[in-house]
Amino acid sequence: MSDAQAGCRSCGATTLDEILSLGRTPLANRLLTSEQLDETEPTYALTLVCCRSCSLVQILETVPPEVLFREYAYFSSYSDTMLRHAETIAGRLIRARELTAESLVVELASNDGYLLQYFLKQGITVLGVEPAENVARVARETRGVPTLAEFFGARVAERLWEGGQRADVVIANNVLAHVAELNDFVAGVRTLLKEEGVAVIEVPYVKEMIDRTEFDTIYHEHLCYFSLTALVHLFHRHGLAVKDVERIPVHGGSLRLFVVHRDALGDDTGVRALLAEEAEWGVDRLAFYEGFGRAATVLKDRLYALLHDLKRGGKRLAAYGAAAKGTTLLNYCGIGPEILEFVVDRSPYKQGRYMPGVRLPIHPPERLLESAPDYVLLLTWNLADEIMEQQREYTVRGGRFIVPVPEPRIA
Ligand code: ZN
């Protein structure tokens, strides 16, 4: 069972306006084994709303985190783009904060140690916190990254603090949006962070989702869709302040925030500039979000028509990337085995399993050359450049990619 939210996840206000309903969908990362194909999959309502008080965009439903994250299928290290991104930000933080062996860097939702490994190589003390036990084990055993297999929050932070742990840098990449107890998580960050420390937090940016009709980034793991305006309210409540902000291209467009204790706040010119822009766009008003629901419906119809026409014309079709956004896209658009033959993915963990809901089999990427479908629907469009480069041989032999967002096109 999932619980429907009675109030805003950030401020608790009870006036939440609906933006888009995606109906009932299966859990996006719950890939099926062949034995599970006979079972009925659990499905949950998926409704996007906006808080009229603090303007946080969020989904109403909360699937218990124990159900969602204990066995997580996303290994960061399977993406070259994510590894490069991690190495760059690690190097930058080491120089800017003058980190040494005495420094402590803590990453929340540290995954398989893909990022902390770059600090570790420079002799800096690191600690990962990663709730998925299978993923935490990989971090410890293959990278030597000490990792607690727990959900981070105020309680864990207090325990670390009592044990003398004070973080010079706290990193939380692509996790804040996944946290059911948002205020508890941010309170924990404040506890863990040294007086002069910095928390570097990356979240997908709601502005990009709206502008680019990225409705497939909506799934049950992903509870919140942040604007800077909503984030400033959240951190302020916990004695923290956003010192700097950058717009970065990962995950279809994200914000990278540099968060400090409010007493330590110095120049925040960049933050004030983006807040002013957001006020101009109207991110705190329902009108800004209303067109998004309609745009998602239009995209769904166009994509379905494009694929259906190709199929009727005798073309063979497959898809690339067994990611969570692929589950949302395929299920919302009603694209299943009658149109696509299979999905390929680089992660051995996913190969041999099936996509939730639509139940397409997942094969290794080599299958593209062996089976040679005419078209491949790129579900992981956020990694389009990397994937098309890796699959150049497929396009050299005449295969074509279809990119679904911001509007369906043959690449
Ligand atoms: Zn609110």
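Note that the structure is a prediction, hence the values are computed from the model and not measured.

Within the protein chain one finds 14 helices and 19 strands. The C-alpha atoms of the protein chain give a radius of gyration of 21 Å, which matches the 22 Å a tight globule of 411 residues would have. Structurally, the protein chain occupies a C-alpha span of about 65 × 50 × 40 Å along its principal axes. Going through the 411 residues of the protein chain one by one, you find that 57% of them count as buried. If you take every contact in the protein chain between residues at least 6 apart in sequence, the share linking residues at least 24 apart comes to 69%.

For the coordinates displayed, the defined rule picks out one cavity of 30 Å³ or more. Looking at the largest cavity, its volume works out to about 60 Å³. Residue contributions to the lining of the largest cavity peak at three residues, all from helix α7 (residues 206–211). The residue inventory of the lining of the largest cavity, partitioned by class, reads five nonpolar, five polar and two charged.

In an ideal tetrahedron of four donors about a metal, each angle is 109.5 degrees. In an ideal octahedron of six donors, the angles are 90 or 180 degrees. Ligation of the zinc ion by protein atoms is provided by Cys 8 (SG), Cys 11 (SG), Cys 51 (SG) and Cys 54 (SG), these donors lying 2.3 to 2.4 Å from the ion. Viewed at the metal, the four donor atoms of the zinc ion are separated by angles of 103 to 116°, and the geometry they form is tetrahedral. Summarised as a motif, the one-chain spacing of the donors to the zinc ion is C-x2-C-x39-C-x2-C. Of the two residues, Cys 8 is situated in the loop between β1 (3–4) and β2 (16–26) and Cys 54 in the loop between β3 (43–51) and β4 (57–59); the sequence distance between them amounts to 46 residues. Taking relative accessible area as the criterion, Cys 8 reaches 5% and is therefore assigned buried.

This brings us to helix α10 (residues 287–312). Its 26 residues give α10 an end-to-end C-alpha distance of 39 Å, which sits within 8% of 38 Å, the value for a rise of 1.5 Å per residue. Gly 314, located one to two residues past α10, shows a positive phi value of around 90°.

Rules behind the numbers
- Residues numbered from 1 in each chain as written.
- Predicted model: local features only at pLDDT ≥ 70, side-chain atom pairs only at ≥ 80, totals over all residues.
- Heavy atoms only, no water.
- Helix = DSSP H or I, 4+ residues; strand = E, 2+ residues; numbered from the N terminus.
- Rg over C-alpha atoms; globule rule 2.2 N^0.38 Å.
- Buried < 20%, exposed > 50% of the residue type's maximum accessible area, 1.4 Å probe, protein only.
- Contact = heavy atoms within 4.5 Å.
- 1 Å grid on protein atoms, 1.4 Å probe; cavity = no way out; pocket = protein on both sides within 12 Å on 5 of 7 lines; lining within 4 Å.
- Points joined across faces, edges and corners; volume = space filled by probe spheres on them.
- Nonpolar A, V, L, I, M, F, W, Y, C, P; charged D, E, K, R; others polar.
- Donors = N, O, S within 2.8 Å, 3.2 Å for Na, K, Ca; no water.
- Tetrahedral: all angles 85-135°; square planar, octahedral: opposite > 155°, others 65-115°.
- Expected span 1.5 Å × (residues − 1).

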